[in-house]
Amino acid sequence: MSKTVTITGAAGQIGYQLAFRIASGQLLGADEKINLSLLEITPALDALKGVAMELEDCAFESLVEITISDDPNEAFKDSDYAFLVGAKPRGPGMERSDLLQENAKIFSAQGKAINENSSRDIKVLVVGNPANTNALIAMSNAPDIDQSAFTAMTRLDHNRALAQLASKLGCHSSELSNMTIWGNHSTTQYPDVSNLKLEGEKILSRLDHAWIKDNFIPRVQNRGAEIIKARGLSSAASAASAAIDHMRDWTLGTKDNDWVSMAIPSDGSYGISKGIIYSFPVTCESGSYSIVQNLEIDNFSKESMEITETELLDEKAAIEHLL
Ligand code: NAX
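Residues numbered from 1 in each chain as written. Predicted model: local features only at pLDDT ≥ 70, side-chain atom pairs only at ≥ 80, totals over all residues. Heavy atoms only, no water.

> Account for the packing of helix 6 (residues 155–169) against helix 9 (residues 237–252), naming residues and giving values.
Contact geometry for helix 6 and helix 9: axes closest at 8 Å, N-to-C directions at 105°. Compared by their axis directions, helix 6 and helix 9 come out roughly perpendicular. Each of R155, L156 and N159 in helix 6 lies in contact with helix 9, whose residues at this interface are S238, A239, A242, D245, H246 and D249. Split into classes, the residues belonging to the contact of helix 6 with helix 9 amount to three nonpolar, three polar and three charged. (Axes fitted to C-alpha atoms, helices over the stretch in contact; angles between N-to-C directions. Helix = DSSP H or I, 4+ residues; strand = E, 2+ residues; numbered from the N terminus. Parallel < 35°, antiparallel > 145°, perpendicular 65-115°, else oblique. Contact = heavy atoms within 4.5 Å. Nonpolar A, V, L, I, M, F, W, Y, C, P; charged D, E, K, R; others polar.)

> Quick rundown of helix 5 (residues 131–140)? Include the residues and the values.
Burial analysis of helix 5 places nine of its ten residues in the buried class, which makes it a mostly covered element. Taken as a whole, helix 5 has its buried residues at A131, N132, T133, N134, A135, L136, I137, A138 and M139. Of the surrounding elements, those touching the buried residues of helix 5 are helix 4 (96–117), strand 5 (123–126), strand 6 (150–152), strand 12 (260–265), strand 13 (277–285) and helix 10 (299–319). (Buried < 20%, exposed > 50% of the residue type's maximum accessible area, 1.4 Å probe, protein only.)

> Which residues make up the environment of E315, and what values do they have?
Mapped onto the secondary structure, E315 falls in helix 10. Separated by 215 residues in sequence, E315 and L100 have C-alpha atoms that sit 7.5 Å apart. With sequence-adjacent residues up to four places away left out, E315 is seen in contact with R96, L100, P130, T133 and N184. A distance of 3.0 Å separates polar atoms of two side chains, one belonging to E315 and the other to N184. (Polar contact = N/O pair within 3.5 Å; in protein donor to acceptor, adjacent residues only side chain to side chain.)

> Could you give me a rundown of the site of the ligand, with the residues and numbers involved?
Among the 22 residues in the neighbourhood of the ligand, the closest are listed as Q13, I14, E40, V127 and N129. Between an oxygen atom of the ligand and a main-chain N or O atom of I14, the distance comes to 2.9 Å. For the ligand, an oxygen atom lies 3.3 Å from a polar atom in the side chain of H185. Starting from 880 Å² of accessible surface for the ligand in isolation, the protein chains cover 80%. When grouped by side-chain class, the residues that make up the shell around the ligand number eleven nonpolar, ten polar and one charged. Residues from two domains meet in the shell around the ligand; each of domain 1 (3–152) and domain 2 (155–318) gives at least three. (Near = heavy atom within 4 Å. Areas by Shrake-Rupley, 256 points an atom, 1.4 Å probe, with all protein chains shown as cover. Domains from an automatic or database assignment.)

> I'd love a proper account of the nonpolar core, names of residues and values included.
Residues I7, I22, L36, F83 and F216 are the most contacted members of the largest nonpolar core, which totals 71 residues. Looking at this core, the element that brings in the most residues is helix 9, giving seven residues. Domain assignment of the residues forming this core places at least three in each of domain 1 (3–152) and domain 2 (155–318). Residues within four places of F83 in sequence aside, it is in contact with V5, T6, I7, T8, L18, I22, L27, L125, A243 and M247. Counting 27 residues, the second largest nonpolar core, distinct from the first, contains F76, L84, V126 and A149. (Core = buried A, V, L, I, M, F, W, Y, C linked by side-chain atoms within 4.5 Å.)

> Requested: an account of the side chain of S177, with residues and values cited.
With respect to the helices, strands and loops of the structure, S177 is situated in strand 7 (residues 176–177). On the accessibility criterion, S177 (13% relative accessible area) is buried. One polar contact links S177 to N178, side chain to side chain, over a distance of 2.5 Å. In this view, S177 contacts N195, L196, K197, N257 and D258; residues no more than four positions away in its chain are not counted.

> Could you give an account of the domain arrangement of the chain, with specific residues and numbers?
Taken domain by domain, the chain holds domain 1 (3–152) and domain 2 (155–318). Look at where the C-alpha atoms of domain 1 and domain 2 centre, and you get two points 23 Å apart. At the interface, 32 residues of domain 1 touch 36 residues of domain 2. When the two sides are added together, the surface that domain 1 and domain 2 hide from each other amounts to roughly 2,600 Å², 64% of it contributed by carbon and sulfur. When the area that domain 1 buries against domain 2 is broken down by residue, the three leading residues are Q13, K123 and N132, summing to 24%. Inspection of the region where domain 1 meets domain 2 yields twelve residue pairs in polar contact (both at pLDDT 80 or more). If you tally residues by element for the side of domain 1 that touches domain 2, the top one is helix 1 (residues 13–23), at six residues. Of the residues belonging to the side of domain 1 that touches domain 2, the class tally is 19 nonpolar, ten polar and three charged. (Buried area = accessible area lost by both parts, 1.4 Å probe.)

> Please set out helix 7 (residues 209–221) residue by residue, giving values where relevant.
Because each turn of an α-helix spans 3.6 residues, side chains separated by three or four positions end up pointing in the same direction. A rise of 1.5 Å per residue sets the reference length of helix 7, with its 13 residues, at 18 Å; its end C-alpha atoms lie 17 Å apart and thus fit the reference within 8%. Of all the bends found along helix 7, the most pronounced is centred on N215 and spans about 25°, while P218, a proline, follows it within four residues. Here helix 7 has its buried residues at W211, I212, F216, I217, V220 and Q221. On the buried face of helix 7, the contacting elements are helix 6, strand 9 (190–192), helix 8 (223–231) and helix 10. (Expected span 1.5 Å × (residues − 1). Bend = angle between axes of the 7 residues up to and from the residue.)

> So what's going on with the environment of D144? Residues and values would help.
Tracing the backbone shows D144 in the loop between helix 5 and strand 6. A relative accessible area of 52% places D144 in the exposed class. C-alpha separation for the pair D144 and D31, spaced 113 residues apart in sequence, amounts to 31 Å. The residues contacting D144, other than those within four sequence positions of it, are N115 and R120.

Here is the structure:
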């Protein structure tokens, strides 16, 4: 049985990376056959045709079928996995509230199309910004799909944090575990090292608190801007890689004694308001995730978690009428 994977914004920077990696088997393993369903806006359909031609030319063993479309109802038909990457970027003179409204239209239409056309077991990852609130809008427009199917991406932030910590500690990022990103995929996110382990041992006492506060946290929060400054373009390959990590771990499970960060519908854990999509530490097993419970939260963490929660509540208030 093949799986249908939908990618929106598939002719864009991230989509262009994502499509080839998924088609080559890096999401579900080389033995799983993949149908790729690629969605774009009408003016980008020619570019998307070019992407489809290149995908064909790779002759990937796991790729069965490619469909391209500018119609969400077609693109989400029988979809098992959906990567919602396409979004409206902030234009000149555009206020944040305008950005929220413009994207709300896109994600409500896509939520409805998922509701009408996709597999009932679909897994949805929203990458397009503002990702958490876009995921909330899509979820609210898909009442027949379990709410837990709607997630947003903070895995890039999680991976960025691991890379910074590995460099500081002089180890490999794979030796580190139990990193957490709380909250929104924005500069208010809280990268939390309280439970960080190096080869299974707690490591917090080896990290200088001033470095964490004044260097590490702002660096992770602002890494996107740092990449834009260096590259002249926003993160693309690293974002696609994180999107694959997110969906693969959700489907195939997280490593023993570790967790990952996923923005998911809040169930009230750690006192975070229900009704927003908030990043928590989660473990995954058999295709489901659960929030890691009973972590100790100190005052600094509590305050930091509330700041990013407040931003998400404000974003929600701006688009409430569309939910
Ligand atoms: P690009 O502008 O290169 O590509 C976006 C593509 O989406 C374009 O080809 C556009 O035609 C298409 N699109 C726009 N509206 C659409 C719609 N309604 N239906 C289908 N396709 C549509 O941007 P790219 O660099 O690929 O980034 C995509 C999104 O990811 C942006 O919103 C960006 O801010 C966000 N990011 C999110 C990250 C995260 O960690 N959550 C990190 C990377 C990235 O910045």
